[in-house]
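# Structural overview
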Amino acid sequence: MNPTEFRAFYNDCWKYCKPRLRNLTTNQADIEDVFAEAISRFWVNAQQGKITHADNHFALVYVMAKNLWLGELRKEKRFTGVSIDARNDSDFELQLPTDEQDFLSKMIQEKDDYHQEQSIKSAWEKLDTKCRDLLNATIIYKERQDELIEKMNFKNTDTVKATKYRCLQYLKKFYYELAA
Amino acid sequence: MRKKDNTELIEAYLNNELTAEDKATFENRLNADKDLVAELALHKQIRGFVKENEVQQLKNQVKVWLQEEVAFVPSEMKVVKKPFLSISGLARIAAILAVVLGIGWFYFSDKNPEMTAEVDQDKYFTELLAQNPGTLQGDDQRSVWIQAFSEKNYDQVILTIEKKQEKTPEEIYYLGLSYSAKGNYAKAIEQLSMKTLQDSVYAEKAEWAIALIYLKQDDKPKAKALLQKIAKSNSEFAEKAKALLK
């Protein structure tokens, strides 16, 4: 990932989302939490080529953040009878097509579906930084092998590929050891 | 102990890189081989974990940026659009401040000689962090942390350099400075005392930085010992060390 790119996206996206989220709640901690969750989840999905729907990415992040916040309210039962629709103000971005709304729900659902398995987490922590970076680069950021040669000092695409498999093998080995 | 490793095959399957024929063969094997099914499930879990882990890393980074923004709020609030005091009121306050500062200067310059040294250490510490790491040449990560350092985005510097498996003396030095800027003096000293740094062109700079960090920690005995060593040496910081020892 290019951190500068993410930082630039964050800067503009926060400018867009901040005033809108402040219309929902004045609780700064809530705003920051849902925004951080939404933009991070959005970015990772975008890197995986899963965001193909809207042109206005900031609006998608905002709607995600808003839905996350509403979800939290429901969980904490702070939500007092006001329907989501009633809170869907006149912001144009809320008029999302159904497939986009489904997609957003799916992204948000990932948050609750995924239960981190401790053994995988511990196995991951046993990997060296190069392995972790390589797995991130290939699994999430779908970086091409020829790009990784220069970026991560590999000799050629074969070594990129071989190292990736070796890293996965280590990860599995550590996992089996820990799970045993 | 697992007899056969199917990592490459499973990855090819999950990446849709198998031919139709190979895919069919693989799926047939799945029907008969429970170990393979478990291995495939593990690969899916690993992918899920890697993704979720990255989301959490980014989320932490975003929270740091948001906190930085909060930290800047007081200075933004200092911008007063409408004067609430008249010119004569301001002049009165200025006069009072001048008298107070005058008395303060007289008092401290006469009775508290350490004040000058304190001002100097702060000045030197600020100088330390105002260093320009140089050109942006190098790999992508180098340009990222150099830019971050010049923007005083020390969290980003730490995040970027810590990710690197092998760090250059330059990176260790700026990592140490970034930790000191964040007030994590123990980590800063740990980095700046690294052997690779001591054998590099950054040795004198690192030593000087450590001395200033000791002063920040108010560890005067250690600071004094190190400053004396620097003052006696041919270090580029010898004169500054002498000034602090006065």
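Residues numbered from 1 in each chain as written. Chains lettered and ligands numbered in written order. Predicted model: local features only at pLDDT ≥ 70, side-chain atom pairs only at ≥ 80, totals over all residues. Heavy atoms only, no water.

## Thoughts on the nonpolar core
Let me state the cut-off plainly: Residue types Ala, Val, Leu, Ile, Met, Phe, Trp, Tyr and Cys, when buried and joined through side-chain atoms within 4.5 Å, form a set referred to as a nonpolar core. Throughout this description, buried means an accessible area under 20% of the type-specific maximum (1.4 Å probe, protein chains only), exposed means over 50%, and partly exposed covers the range between. To qualify as a helix, a DSSP run of H or I must reach at least 4 residues; to qualify as a strand, a run of E must reach at least 2; elements of each kind are numbered from the N terminus. Only heavy atoms enter the contact rule, under which two residues are in contact if any of them lie within 4.5 Å.
Ranked by internal contacts, the top residues of the largest apolar core, which has 59 residues, are A:Phe35, A:Ile39, A:Val61 and B:Val62. Examining the composition of this core, we find that eleven residues originate from one element, helix 3 (residues 57–76) of chain A, more than from any other. The residues contacting B:Val62, other than those within four sequence positions of it, are A:Phe6, A:Tyr10, A:Phe35, A:Ala36, A:Ile39 and A:Ser40. The next biggest cluster of nonpolar side chains, apart from the first, holds 41 residues, and it includes B:Leu129, B:Ala148, B:Tyr154 and B:Ile158.

## Topic: the pattern of salt bridges
Test applied: Basic side-chain nitrogens of Lys or Arg form a salt bridge, by our definition, when they fall within 4 Å of a carboxyl oxygen of Asp or Glu.
Counted according to the given criterion, the structure contains 22 salt bridges over all chains. Residue B:Glu11 pairs with A:Lys164 through a salt bridge whose shortest N-O separation is 3.3 Å. Residue B:Glu11 is located in helix 1 (residues 7–14), and its partner A:Lys164 is located in helix 9 (residues 157–179); the two belong to separate chains. Neither residue differs from the other here; B:Glu11 and A:Lys164 are each classed as buried. Each member of the salt-bridge network shares a partner with another, and the members are A:Asp33, A:Glu37, A:Arg41, B:Glu52, B:Lys59 and B:Lys63.

## Some points on the confidence of the model for chain A
Under the convention used in this document: pLDDT measures how confident the predictor is about each residue, on a scale from 0 to 100.
Averaged over every residue, the pLDDT of chain A is 81; the share at 70 or more is 75%. In the predicted structure, residues 81–94 of chain A sits below a pLDDT of 50 and forms 28 contacts with residues beyond four places in sequence or in another chain.

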